[in-house]
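Geometric and topological summary
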Amino acid sequence: MKLRTILGNIIEPIRQTTGIIAISTLILFLIEAYPAHAVDTGKLVEKDGQYVFVESMDPATRLLLERAYEKGIITQEERDKAIKDSETRAYLMQPSFKMWYDRGFNFSMNDNAFLLKIRGRMQLRETTRWRNDAWRNPGDAKNYPELLGVFGDYRANRSDDFASQFNLRRARLLFLGHLLSPDFKYFVQLGFETAENAQTPGAANLLDFYFLSTHLPLLNVQVGQYKVFFNRAQINSTASMQFAERAPVMDAFTASGLNRRDVGITIMNDDEVYPVNYYLGVFNGAGPLFNRYGTYNSEEPTVPCPGGQTSGNPFPSPSPATCPANQRNLNANFRDEIDKLMYAGRLQWNILGRPGYGEGDLAYSEKPQMAVGGGLAYNPGINTSTDNAFVGIDLANLNFRRQLATFGNGRQLGWGVVNYLTQAYDAVFKYRGFSLQGEYYFKNIDRTFKGAPCLQTAGQGGPCTAFAPGLLGNSTGWYVQSGYYLIPRKLEVAARYSYWDPDTNASGDLIKQVDASINWFPFGTYDYQLMLTYSNLAMGTGGYAIGRSNPLPSTGGSQNTVPCPATFPSGCVPLDRVGGTLIENAIRVQLQIFF
Amino acid sequence: MCSRIGFFPACGLLICALLAGMMSGGCARLPYTTKVIHEDRRVVVSLQRDPKAVAYTHPAQLQPDQLSAVLNGFSLREKQRLPLRWFAEEVPPKKIFRSDEIEALVPFLAEGLEKAASDERVYFQLLAPGMNPAAERDTTAGWIAVREPFLHLGLEHYHAQFPIQKSEPLDLRYPAIPPEPGSYLLYFEPGRFWETDPVSSGQAVQLREFLKTAVPASRK
């Protein structure tokens, strides 16, 4: 027993010593291994467009060190110290930033806390079009009218039958990147282009300027000016379309009804992470670089008497009976509707994969990609100018009116203050180069001034003698488009049909367009593309449009009187006197370079 | 909806498009993934069915060290168009794989060759942080296949910047598309094993002859 105790006393320290030796050996091994690992360190660097692996240490120095060590000239400690010092020196000597080109000029700090990417995009287009005689007379005074001067009088959009013009349709400069961390992003886009049919040359415009926080995948936050996440056609970039231009119906049903861009804030989840995505936003609802402080009515010095024009306010109503005749002309001084905001939401379900917003299946999806989505937007208090045809008597801000006309909602002009409730539903499918997508839109237009507007009075302030023959209806439309890559990632053919009823109360006003396009992507990306798009547009000129159709505004007399009496401030001849359907056949050849 | 404007063109277009979609879905024109063998942050190996390929002699048995020896012999030059091609020939070929890349890759390639069918090839991606690590991955990608006695290597990307997400992270509306496969001139050392496969007319490694010389005797 005693012997066993003695043996135990001897063996136990040995056992413990063995453990200590094993642990020490492991530590020594790890310490030994570290310099060897350090010798193998290096990194990928970009040089002249190539990515090459570069050792941290100069190869010649390393060779000499290794030889010296192998021959016993230096000790291992000296070798390791030299390697470590060399690596430290190399680290300290390297610049703290890097620059390279990859889909834009990139400038980044080494710790990736800051990134600036500069990109440029150009779409050069040649448009050849043939129009029918209806474009000469009557032209389009209803959907895309031109608004003249400070009063915004209506002018028909007319043209010769044949046209062939070059156009720098999109000229963009982008500054994008992140600040502080890759999860705090910024995006600035400047546009310098001129739209087709524009009357003035393009100037520098700030299209987008926003910050996006992606710190929380469930709650990304985007603030600034950007395209509202509402309908698929507008969310998508014009750089990744299947046709040279959007269909007219796509532009008419933006969230605000005025423009695709707006100033506000959106919360959303990360659509790379979650199959069901939400977007909830609050905006001014006034279009880009604008807010409602810039929209106004005219008011006489006496509150709340509406301001009059030079010849006085023609209406006894809605002015209060106590209002004076005409105190001051064209005040344009009263900011109203400034407590209104636009609310827009979108819900999307990526049923299969994640098709994204780019049109067509350029990526040649190996697996079927399918998504459905819907958006709802409420934009109240849009002043479309007075709810009668007397253009100029309240001098409502022209910015709202011009945006409505630019986006094809000209029939809604002149109906007073309206509230828009717009719905959009979309679906998309992509698989192996094939794509199919479509959207349905409906816009409920709620006029805050009920009843038929008065258009003619018996003299200044006299009783109303003529009212609008019909009231403005709602608006609806849809499109469907499909494409197929004949050569995957290179050559696509696509077709689209769009339908738009701008006023459900009017007849003869439908706008239909058929497009076919053949698209070449020489480098297999959207960045570089050559498109040839054929479009056939048929636009009805029927229906009543206030201020452009009979009865025209008057404070007495007859429009059949020659010469036209002064009591007709907008003239005596309605712009839709000659009816018909506007037909346009156009071929657009468009080159895009996005670098 | 269709009844409001008549059957044609709206519904006609819709039906034609759907039919075209179903037809196109049935006939792949580019290689597509049939099975993922392995996927992590460093390596992705999968089986691809190549609709245009001549049948391979899969499944094939190759040991990782045999594959390492083969892959170690490959080098490349980027294929240039004239006139850059004249200058490109002055540039010596570069090794395709580093030793650490081969080490990470070959176990899964060997597994892939064992599991591949005769109409499948083994596709690989070697991944590393990209120039902007938050948005891109440095990617070397290609495929290998065996048609006895040859081993074929196709290189599609060499340290290309692949987007991590499907949309540009800095521009959510713009799709992020991986770059197209590049064109490379491949070389193999020793050159005497770099032969033309008479079946596909493509160049390939004379695998069996090469292994006799390259692999340690214990493995023969």
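Residues numbered from 1 in each chain as written. Chains lettered and ligands numbered in written order. Predicted model: local features only at pLDDT ≥ 70, side-chain atom pairs only at ≥ 80, totals over all residues. Heavy atoms only, no water.

Side note on the overall build of chain B
- Assigned secondary structure in chain B consists of 6 helices and 12 strands.
- For chain B, with 220 residues in total, the buried portion stands at 49%.
- The long-range fraction of contacts in chain B, counting pairs at least 24 apart against all pairs at least 6 apart in sequence, stands at 57%. (Helix = DSSP H or I, 4+ residues; strand = E, 2+ residues; numbered from the N terminus. Buried < 20%, exposed > 50% of the residue type's maximum accessible area, 1.4 Å probe, protein only. Contact = heavy atoms within 4.5 Å.)

Details of the overall build of chain A
- Along chain A, the regular secondary structure elements total 6 helices and 26 strands.
- For chain A, restricting intrachain contacts to residue pairs at least 6 apart in sequence, the fraction spanning at least 24 positions comes to 68%.
- Total accessible area on chain A stands at roughly 26,200 Å², and carbon and sulfur atoms take up 64% of it. (Areas by Shrake-Rupley, 256 points an atom, 1.4 Å probe, with all protein chains shown as cover.)

Digging into the nonpolar core
- Counting residues in hydrophobic clusters, the biggest one holds 46 residues, and the most contacted among them are Val228(A), Val249(A), Met250(A), Ala255(A) and Tyr441(A).
- Among the elements that line this core, the one with the most residues is helix α5 (residues 248-252) of chain A, at 3 residues.
- Those residues in contact with Ala255(A) that sit more than four places away from it in its chain are Val228(A), Phe230(A), Met342(A), Ala344(A), Ala377(A), Asn379(A) and Thr422(A).
- Within the second largest apolar cluster, 39 residues are counted, among which are Leu62(B), Phe74(B), Leu105(B) and Leu151(B). (Core = buried A, V, L, I, M, F, W, Y, C linked by side-chain atoms within 4.5 Å.)

Concerning the sheet that holds strand β3 (residues 74-78) of chain B
Residues and elements named next belong to chain B.
- Here 3 strands make up an open sheet; going across it, the order is β4-β3-β10 and the pairing antiparallel. Pairing within the sheet leaves two strands with one partner each, and these edge strands are β4 (94-95) and β10 (184-188).
- Relative to β10, β3 runs antiparallel, the two sharing 5 bridges. Within the sheet, the bridge partner assigned to Phe 74 lies in β10 and is Phe 188. (Pairing = 2+ DSSP bridges.)

Notes on the interface of chain A and chain B
- Of the residues lining the interface, 68 residues belong to chain A; the matching set on chain B comes to 49 residues.
- For the pair chain A and chain B, the interface holds 3 salt bridges.
- Ionic pairing is found between Arg103(A) and Glu136(B), a salt bridge with its closest N-O pair at 3.2 Å.
- Our count for the contact surface shared by chain A and chain B stands at 21 residue pairs in polar contact (both at pLDDT 80 or more).
- Top element by residues in the side of chain A that touches chain B is strand β22 (residues 475-487) of chain A. It accounts for 8 residues. (Salt bridge = Lys/Arg side-chain N within 4 Å of Asp/Glu carboxyl O. Polar contact = N/O pair within 3.5 Å; in protein donor to acceptor, adjacent residues only side chain to side chain.)

Section: the state of the cysteines
Residue and element names in this part refer to chain A.
- In total, this model carries 2 disulfides over all chains according to the counting rule given.
- Each disulfide pairs two cysteine sulfurs, and for Cys 454 the partner residue is Cys 464, the sulfurs being separated by 2.0 Å. Residues Cys 454 and Cys 464 are joined by a disulfide whose S-S torsion is about 115°; by sign, that bridge is right-handed. In this pair, Cys 454 is assigned in strand β20 (residues 454-457) and Cys 464 in strand β21 (residues 464-467), connecting sequence segments 10 residues apart.
- We classify Cys 454 as buried; its relative accessible area is 14%. (Disulfide = S-S within 2.5 Å.)

Some remarks on the confidence of the model for chain A
Residues and elements named next belong to chain A.
- In this model, chain A carries a mean pLDDT of 85, and residues with pLDDT of at least 70 account for 85%.
- Within chain A, no element has a lower average pLDDT than helix α1 (residues 2-39), which sits at 48, and none a higher one than strand β13 (residues 276-283), at 97.
- In the model, residues 25-40 has pLDDT below 50 throughout and makes 11 contacts with residues more than four positions away in sequence or in other chains. (pLDDT = per-residue confidence, 0-100.)

Description of the packing of aromatic side chains
- Taken as a whole and assessed by the stated rule, the structure comprises 30 aromatic pairs over all chains.
- On the basis of an interplanar angle of 75° and a centroid distance of 5.6 Å, the ring pair of Tyr210(A) and Tyr226(A) is categorised as edge-to-face. Highlighted residues: Tyr210(A) in strand β10 (residues 205-213) and Tyr226(A) in strand β11 (residues 220-227), separated in sequence by 16 residues. Tyr226(A) matches Tyr210(A) in its accessibility class, with the two residues each being buried.
- Ring geometry for Phe97(B) versus Phe124(B): centroids 5.8 Å apart, planes at 55°, classification tilted. Highlighted residues: Phe97(B) in the loop between β4 and α5 (99-115) and Phe124(B) in strand β5 (residues 120-129), separated in sequence by 27 residues.
- For the cation-ring pair, Arg119(A) lies above Phe594(A), with the distance from its terminal atom to the ring centre recorded as 3.9 Å.
- Lying over the aromatic face of Phe253(A), Lys443(A) brings its terminal NZ or CZ to 5.6 Å of the ring centre. (Phe/Tyr/Trp six-rings, centres within 6.5 Å; stacked < 30°, edge-to-face > 60°. Lys NZ or Arg CZ within 6 Å of the ring centre and 35° of its normal.)

Digging into the packing of helix α3 (residues 64-72) of chain B against helix α6 (residues 207-214) of chain B
Residue and element names in this part refer to chain B.
- The N-to-C vectors of α3 and α6 enclose an angle of 100°; their axes lie 10 Å apart at closest approach. Regarding the angle of α3 to α6, the classification is roughly perpendicular. Contact residues: α3 offers Gln 66, Ala 69 and Val 70, while α6 offers Leu 207, Phe 210, Leu 211 and Ala 214.
- Residues belonging to the contact of α3 with α6 are distributed by class as follows: 6 nonpolar, 1 polar and no charged. (Axes fitted to C-alpha atoms, helices over the stretch in contact; angles between N-to-C directions. Parallel < 35°, antiparallel > 145°, perpendicular 65-115°, else oblique. Nonpolar A, V, L, I, M, F, W, Y, C, P; charged D, E, K, R; others polar.)

Structural notes on the sheet that holds strand β6 (residues 136-147) of chain B
Residue and element names in this part refer to chain B.
- An order of β1-β2-β5-β6-β7-β12-β11 is seen for the 7 strands of this open sheet, with the pairing classed as antiparallel. Where the open sheet ends on each side, the last strands, each with one partner, are β1 (32-39) and β11 (194-196). Strand-to-strand twist in this sheet, taken as the mean axis angle between neighbours without regard to direction, amounts to 35°.

Things to note about the environment of Thr194(A)
All names here are of chain A.
- Tracing the backbone through its elements, the reader meets Thr 194 in the loop between β9 (184-191) and β10.
- Each C-alpha atom, one on Thr 194 and one on Asn 167, is 7.3 Å from the other, the two residues being 27 residues apart in sequence.
- When neighbours within four sequence positions are excluded, Thr 194 is seen to be in contact with Asn 167, Leu 168, Arg 169, Thr 200, Pro 201 and Gly 202.

A look at the pairing of strand β16 (residues 342-352) of chain A
All names here are of chain A.
- Where β13 and β16 come together, 8 bridges link them in antiparallel fashion. Counted as the bridge partner of Val 276 is Trp 349 from β16.
- Where β16 and strand β17 (residues 369-383) come together, 9 bridges link them in antiparallel fashion. In the sheet register, Leu 347 faces β17, and the bridge partner there is Gly 374.

Thoughts on α6(B)
Residue and element names in this part refer to chain B.
- Of the positions making up α6, those classed as buried are Leu 207, Phe 210 and Leu 211. Taken end-on, α6 shows its buried residues confined to a sector of 100°, consistent with a single buried face.
- Summarising the contacts, the buried residues of α6 are in contact with α3, β7 (150-163), β10 and β12 (203-206). (Arc of directions from axis to C-beta.)

So, the environment of Gly358(A)
- Here Gly358(A) shows up in the loop between β16 and β17.
- C-alpha separation for the pair Gly358(A) and Ser240(A), spaced 118 residues apart in sequence, amounts to 5.2 Å.

Points about helix α3 (residues 76-93) of chain A
Residues and elements named next belong to chain A.
- Given a rise of 1.5 Å per residue, 18 residues ought to cover 26 Å, and the 26 Å separating the end C-alpha atoms of α3 matches this to within 8%.
- Those residues of α3 that fall on the buried side of the exposure criterion are Gln 76, Arg 79, Asp 80, Ile 83 and Glu 87. All buried residues of α3 lie within an arc of 95° about the axis, which places them on one face of the element. Residues of α3 that are exposed and point more than 90 degrees away from the buried face comprise Glu 77, Lys 81, Arg 89, Leu 92 and Met 93. (Expected span 1.5 Å × (residues − 1).)

A closer look at the pattern of salt bridges
- Counted according to the given criterion, the structure contains 37 salt bridges over all chains.
- For the salt bridge of Asp515(A) with Arg496(A), the shortest nitrogen-to-oxygen distance reads 3.1 Å. You can see Asp515(A) sitting in strand β24 (residues 511-520) and its partner Arg496(A) sitting in strand β23 (residues 491-501), a full 19 residues away along the chain. Arg496(A) matches Asp515(A) in its accessibility class, with the two residues each being buried.
- Of the charged contacts, one joins Glu111(B) and Lys115(B) as a salt bridge, the two residues approaching to 2.8 Å between their closest N and O atoms. Residue Glu111(B) and its partner Lys115(B) are both found in helix α5; the two are separated by 4 residues, about one turn of the helix.
- Overall, the relative accessible area of 26% leaves Glu111(B) in the partly exposed class.
- The class of Lys115(B) is partly exposed, set by a relative accessible area of 41%.

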